[in-house]
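Listed here are the chains, written in short residue letters.
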Amino acid sequence: MDPFNRIVEEWRPSSSDADEALLPSLQGLRDQCRDLDRNESVARGAVENITGNVVGEGLWPQSKLNHELLEISEKEARAFENKAEAIFRVLAESTAIDFAGVSTFPELQDHASRSQLTDGDSFAVRRFKARSHSILGTCVQVVEGGRVADPAAGSLSKDIREGVEFDPTGEPIAYHIRNRKKLLDTGWTSESRRVARYNNEQELQVLHLFHKRLPDQSRGEPLLAPTIQKFKQLSRYAEAEIAAAVINAFPMTFITSEGTSPLSGRSNAYLANRPKDSPERSKTVMGPMTMLNLLPGEKVESPTLGRPSPQFDAFFNSVLKQVGPSIGLPYEVLIQHFSSSYSAAPAALLQAWRFFKVRRKWLEIKFCQPIYEWVIHEAILRGMLEAPGFEDPFKRALYLKATWIGQEMPSIDRLKDAKADEVELSNGTTTRRDIVESKGKDYESLKRLELVADLRGEEFSSMKLATSNFGSTCG
C-alpha cells in the first residue's frame, strides 16, 4: 500500500518508544479521565463495573504449604495455614491495615484498582505504625499515580521518567512521591520525597501497580485514554438533546407581523411617531405561562422543533459499541442492559468475566500477595507463627505462598452449572477444591463444617439407636 496516498498523506505519527509517546501527555490524559469519571455517566459506570467485579467484596488468601518440601508434618502445615489466615484476616478486616487508619483491606484493594484505572497507575508503600488496638504494625499506604512525578530539581543527572527512577540497567530503584499540597502565604506548594523501591535488606517496599503493555513503558496509561474524545462528544450530545427536550416541553409560539411590530423595539423614533389611538399590547400571566394579545396584522405560528431526535438512541448506542472493546467490556455489560437475546446475555457475561479474571489475577500478584507476605513475615518474626527453616529463601517462599479467592462469576442458571460441575468432577477434569474456590468460598472451612456435620450425624444416629434399644429393653 502506498504510504503517501491522499487518505494518509497528512498522517505522520512519530515512531518514538512507549515513554516518548505517553509521558508528555500523561498528565493531560489523567486529568481528562478523572473528569470523565466524575461527570460522565457511562465512563463512571465502566470504572465502577470493572472495580466492582474484580474486587467485589474483597480478595482473601488461602495459605497452601507443601509440608514435604518444608520438611514438616502435615499436621504442622495445616496448623500454620489456619493460624496465618486468621492473623491476616484479623488485621485486614480492621482499619489498622491502612496507614491512615481509615480503610480495611478490601477497601484498599478498591482504591488501588480504581486509581489504576483512572490515573493509569497507583502505588502501595509498605509502612509501619504501632497501634495499641492492632496485633501487628505492618500497614499500607496507597498513593495515587498523580502524586508520583519528577522532582523540582536535581533530576538532570539521573534517569527519572515521570517520577520513576531507574538504574543504568533499566530497573526501577526509587519513586519520587509528592507530599500533599499545602497552602502557604506564597501560594500552593508541593515537595517530593524519594522512596527507595527496596530497603537495606533488599525487601520490596513500594508496589507500582500498572499494566505494562509495551516493553519500554515506565508509567501506566489510563483505561479511558482511547475513548476520551468519544465519551466527551457523547456527553455533549446527550446534554444538548436533554436541553432541547426540556425546551420543547414548553409550548412555544412566534408572533409574525406584516408590518412594523411593537415587539421589534421601543425606540424613541417609534414612540414619537406612534398613533395616539394605536392599540396597546397587553399580557396576562397564567402560572408559568404568559398570554399576549395580537395586534392588527399579526398572527401566531407554532414551530415544530422535532426534538429530541428520533435517531438519538440509535446513534448513541452505535458509538458505545465502538467504545466497549477498547476498554475490554462487551456493549451489553458496558451499559448494563441485556435485551438482544437470552443466549447473547451469557456470552457477553462470559466475555466480560474473562476480562475481569485477568484483572483480578493482576491485582492478586501485584498488590494482594506482596501485602500478605509483609504481614505474615512480621507475624513470624514476632513469634506468632512457627516456621522452621524460614531463613532459607526457598522455604521462606513456600511459607508465604497463598492463593486468592473472590466473588464468583454471576450465574444465570445455577442448576445447569451445578450439573456441569458434577459431570466434570466425575470425569476427573476438576476437583472439589477448584469448584469451591471458583465460587469464592473457603474450601478448608467448608471441609471442616462438613466433618463437623458428619460427626454430629453419627452422634445423632448413635443416640437414636441407644434410645431405640432402651425402649425395646423396657418393653
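Each chain carries its own residue numbering, running from 1 in the direction its sequence is written. For this predicted model, a pLDDT threshold of at least 70 governs which residues receive local features, and a threshold of 80 or more governs which side-chain atom pairs are given and counted, while totals over whole chains, interfaces and linings are taken from all residues. Each side-chain value is worked out from all heavy atoms of the structure, with water and hydrogens disregarded.

Q: Sorry if this is basic, but what is going on with the sheet that holds strand S10 (residues 206–209) here?
A: The strands that make up a sheet are held in pairs by hydrogen bonds between backbone atoms, and each pair lies either parallel or antiparallel. At least two bridges found by DSSP between two strands is the condition for calling them paired. By the criteria applied, helices consist of DSSP H or I runs no shorter than four residues and strands consist of E runs no shorter than two, each listed in order from the N terminus. Pairing in this open sheet of 3 strands is antiparallel, and the strands run S3-S2-S10 from one edge to the other. Edge strands, defined here as strands with exactly one partner in the open sheet, are strand S3 (138–144) and S10. Averaged over neighbouring strand pairs, the angle between their axes works out to 20 degrees when direction is ignored. Taken strand by strand, helix H5 (residues 105–119) contacts strand S2 (122–128), S3 and S10, and its axis lies near 20 degrees from that of S3. Relative to S10, helix H10 (residues 344–381) is tilted by about 165 degrees, and along the sheet it contacts S2, S3 and S10. Here, axes are lines fitted to C-alpha atoms. For helices the fit covers the stretch in contact, and angles between N-to-C directions go from 0 to 180 degrees. Pairs of residues are marked as contacts when any of their non-hydrogen atoms sit within 4.5 Å.

Q: I'm lost on the nonpolar core in this one. Help?
A: Nonpolar side chains in soluble globular proteins generally cluster together in the buried interior. Counting 76 residues, the largest nonpolar core has Phe 80, Phe 88, Phe 105, Leu 329, Phe 367 and Ile 376 as the members making the most contacts within it. Ranked by the residues each element gives to this core, the list is headed by H10, at 16 residues. If we ignore the near neighbours within four places in the chain, the residues touching Ile 376 are Phe 80, Ala 84, Phe 88, Leu 385 and Leu 400. Take the buried Ala, Val, Leu, Ile, Met, Phe, Trp, Tyr and Cys residues and link them wherever side-chain atoms come within 4.5 Å; each set so joined is a nonpolar core. Burial classes follow relative accessibility: with a 1.4 Å probe on protein chains only, a residue under 20% of its type's maximum area counts as buried, one over 50% as exposed, and anything between as partly exposed. Residues Val 125, Val 143, Val 148 and Val 164 belong to the second largest nonpolar core, which totals 10 residues.

Q: Please clarify how unusual backbone geometry should be interpreted in this entry.
A: If a residue is not glycine, its phi is most likely negative; likewise, a peptide bond is most likely trans. One non-glycine residue, Glu 162, lies in the positive phi region at around 50 degrees. On the basis of relative accessible area, Glu 162 is assigned to the partly exposed category, the value being 22%. Its identity is not glycine, yet Gln 202 carries a phi of approximately 60 degrees, on the positive side. Tracing the chain through its elements places Gln 202 in the loop between strand S9 (192–196) and S10. Judged by relative accessible area, Gln 202 falls into the exposed class, the value being 60%.

Q: Even after reading the chapter, I still don't get the packing of aromatic side chains, so can you show me in this structure?
A: The geometry of an aromatic ring pair is captured by two quantities: the separation of the ring centres and the angle between the planes. Stacked, edge-to-face and tilted are the three classes for Phe, Tyr and Trp ring pairs, Trp counted by its six-membered ring, which pair at centre distances within 6.5 Å; planes under 30 degrees apart are stacked, over 60 edge-to-face, the rest tilted. All told, the structure shown has 15 aromatic pairs when counted by the stated rule. Measuring from centroid to centroid gives 5.9 Å for Trp 353 and Phe 356, while their planes differ by 85 degrees, and the two rings are edge-to-face. Highlighted residues: Trp 353 and Phe 356, both in helix H10, separated by 3 residues, approximately one helical turn. The two residues Trp 353 and Phe 356 agree in class, both being buried. Here the aromatic cluster, defined as three or more aromatic residues joined through ring pairs, consists of Trp 60, Phe 88, Phe 105, Phe 367, Tyr 372 and Trp 404. A ring is considered to have a charge above it if a Lys NZ or an Arg CZ atom is located within 6 Å of its centre and within 35 degrees of its normal. Between the NZ or CZ atom of Arg 127 and the centre of the ring of Phe 99, over which it lies, the distance is 3.9 Å.

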